[in-house]
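Coordinate inspection notes
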Amino acid sequence: MAISRIFLILTLFYYFSTSILAANPTYHVLSYGAKADGKSDCAKAFEAAWGAACAITSPATIYVPQGRYILGNAYFEGNECKNNAITIQIDGTLTAPFDYNVIGNSNHWLTFKKVTGVSIRGGTLDGLGANLWACKDSGKTCPEGATSMAFLNSNKISINGLTSINSQKFHMIFDGCNDAKLQNIKISAPNESPNTDGIHIARSSLVSITNSRIATGDDCISMSPGTSNVFIQNVACGPGHGISIGSLGWVLNEAGVENVTVKSCVFSGTQNGVRIKTWARPSNGFVNNIYYEDLTMVNAKNPIVIDQNYCPNNQNCPKQSSGVKISGVTYKNILGTSATELGVNLECSKTEPCTGITLDNIVLKHKNEAANVVCENAVQNMNGVVNRLKCQPKK
Ligand SMILES: *[C@@H]1O[C@H](CO)[C@@H](O)[C@H](O)[C@H]1NC(C)=O
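Residues numbered from 1 in each chain as written. Predicted model: local features only at pLDDT ≥ 70, side-chain atom pairs only at ≥ 80, totals over all residues. Heavy atoms only, no water.

Turning our eyes to something else, we now look at the overall build of the protein. Secondary structure assignment for the protein yields 4 helices and 31 strands. Judged by the C-alpha coordinates and their principal axes, the protein covers about 80 × 65 × 40 Å. Each of the 395 residues in the protein was classed as buried or not, and the buried ones make up 51%. Considering only residue pairs separated by 6 or more positions, the protein has 73% of its internal contacts joining residues 24 or more positions apart. Summed over its atoms, the accessible surface of the protein is roughly 17400 Å², and 52% of this surface lies on carbon and sulfur atoms. Within the protein, one finds 32 positive and 27 negative side-chain charges whose respective centroids are separated by 3 Å. (Helix = DSSP H or I, 4+ residues; strand = E, 2+ residues; numbered from the N terminus. Buried < 20%, exposed > 50% of the residue type's maximum accessible area, 1.4 Å probe, protein only. Contact = heavy atoms within 4.5 Å. Areas by Shrake-Rupley, 256 points an atom, 1.4 Å probe, with all protein chains shown as cover. Lys, Arg positive; Asp, Glu negative; His and termini not counted. Charge placed at Lys NZ, Arg CZ, Asp CG, Glu CD.)

With that settled, consider the site of the ligand. The full set of residues close to the ligand is Ser228, Asn229, Glu258 and Asn259. At a separation of 2.8 Å, an oxygen atom of the ligand approaches a polar side-chain atom of asparagine 229. Within the contact set of the ligand, an oxygen atom lies 2.2 Å away from a side-chain nitrogen or oxygen of asparagine 259. Here the ligand has 360 Å² of accessible area as a free molecule, and 35% of this is covered by the chains. Of the residues that constitute the shell around the ligand, the class distribution is no nonpolar, 3 polar and 1 charged. (Near = heavy atom within 4 Å. Polar contact = N/O pair within 3.5 Å; in protein donor to acceptor, adjacent residues only side chain to side chain. Nonpolar A, V, L, I, M, F, W, Y, C, P; charged D, E, K, R; others polar.)

What follows is about the pattern of salt bridges. Per the stated rule, a full pass over the model turns up 8 salt bridges. A salt bridge links lysine 169 to glutamate 144; its shortest N-O distance comes to 3.4 Å. Separated by 25 residues along the polypeptide, lysine 169 in the loop between β10 (163–165) and β11 (172–175) and glutamate 144 in the loop between α4 (130–138) and β8 (147–152) bring together distant segments of the chain. Note that aspartate 179 is salt-bridged to lysine 181, the shortest N-O span being 3.7 Å. (Salt bridge = Lys/Arg side-chain N within 4 Å of Asp/Glu carboxyl O.)

Let us look at unusual backbone geometry. With an omega of -5°, the peptide bond running from glycine 238 to proline 239 counts as cis. Within the secondary structure, proline 239 is located in the loop between β17 (228–237) and β18 (243–248). Following glycine 246, the chain continues into serine 247 via a peptide bond in cis, with omega recorded as 5°. Relative to the helices and strands, serine 247 resides in strand β18. With phi around 55°, asparagine 195 is a residue other than glycine that occupies positive phi space. Inspection of the secondary structure assignment puts asparagine 195 in the loop between β13 (186–188) and β14 (199–202). Despite not being glycine, asparagine 234 has its phi angle at roughly 55°, a positive value. For asparagine 234, the position within the fold is in strand β17.

Moving on to the packing of aromatic side chains. Taken as a whole and judged by the stated rule, the model has 9 aromatic pairs. Between tryptophan 50 and phenylalanine 112, the aromatic rings sit 6.1 Å apart at their centres with planes inclined by 80°, giving edge-to-face as the arrangement. Residue tryptophan 50 is found in helix α2 (residues 43–54), and its partner phenylalanine 112 is found in strand β6 (residues 108–113); the two are separated by 62 residues along the sequence. For the pair formed by tryptophan 50 and phenylalanine 112, the shared burial category is buried. For the pair phenylalanine 76 and phenylalanine 112, a centre-to-centre distance of 4.7 Å together with 25° between the ring planes defines the contact as stacked. Here the residue phenylalanine 76 occupies a position in strand β4 (residues 74–77), and phenylalanine 112 occupies one in strand β6, the gap between them amounting to 36 residues. For the pair shown, phenylalanine 76 and phenylalanine 112 are each scored as buried. The cationic tip of lysine 169 hangs over the ring face of phenylalanine 170; the distance from NZ or CZ to the ring centre is 5.3 Å. Directly above the ring of tyrosine 310 sits lysine 277, whose terminal nitrogen or CZ lies 3.8 Å from the centroid. (Phe/Tyr/Trp six-rings, centres within 6.5 Å; stacked < 30°, edge-to-face > 60°. Lys NZ or Arg CZ within 6 Å of the ring centre and 35° of its normal.)

Position of serine 154 relative to the elements: it lies in the loop between β8 and β9 (155–160). Residue class for serine 154 comes out buried when judged on its relative accessible area of 0%. Among the polar contacts made by the side chain of serine 154, one reaches the main-chain amide nitrogen of valine 115 at a distance of 3.1 Å.

Given below as structure tokens:
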């Protein structure tokens, strides 16, 4: 009797201690001097909590309670960090300083560099970008703006439930990273806010973005050279410029983009749906093995685009032809409406025609009529596609 009662008490104690008190050592940012008073710069306090979590080797949690915390530039460095299982649990909002100049001349506002095994749970980032965008619109000289959160040369990143609003420039960047899982991300900035890409992926591999909502002034997701093994599913994009690979092929020697899947996404009122864009310049870059499936377009202006003739103002494109070789791109079950007569526009390079382009069940309407499908220098396999113009099916 007594023994079973002790056992019950121990069981209850175990249950409460793991569910209410975190099992991991927890570093509260308030204990390191953070104040949610709308005045204090909390960057140093956050860095100090990071330093403490990094000093141990077992899993640790950094905790940010509710409230608004102002932070100038903050750096979370992995070089000196012994810990590769740090969770940052954020119940509050991190806000950029009111004066955009404080962070506006740095590349990134919150930087994670060479970290491994960082998880971010919850939280809101407010880049307070509106005053900087207004400065840019006015034609005055203004800072370039900082990306709200950057992961550089980092591995095993997991982000779940983070919200980013009104970034000065991009919302998030993953550059030189391997293995990043992003889920339940919410990004929002106004339609006309300049260069506010949602999530930018560069030189990274094994990145997944799922169950997320991105509304912003530039690309919802953009991928640049050296990116591979990207999986995007259940992402709602709009307003924004769509999900883009590119611009690629600015330089001669360039890493390719390969193995990208975009599945079950919705594009609402976007400038583009899915786009691959390359400069009309010599390059040995490439795009290979790209899979777009089960996409819904709701009045996207250019639902499906390959543009290999990109050369604004016809400057810096000596041969007016892209050297980037595009092969193995599948578009399957892409339905909905186009805001223009052009539903599919495949403008491939005249010197490196696209190969292995498959269009399967593409049903896009403009004003209740089937939208046009236009091909140039593309050899394609087609099934269930009407209104083809200049499209030569594979011989
Ligand atoms: C792309 O996928 C193929 C097939 O799964 C794989 O062999 C190749 O290594 C992948 N490319 C990269 C850069 O990981």
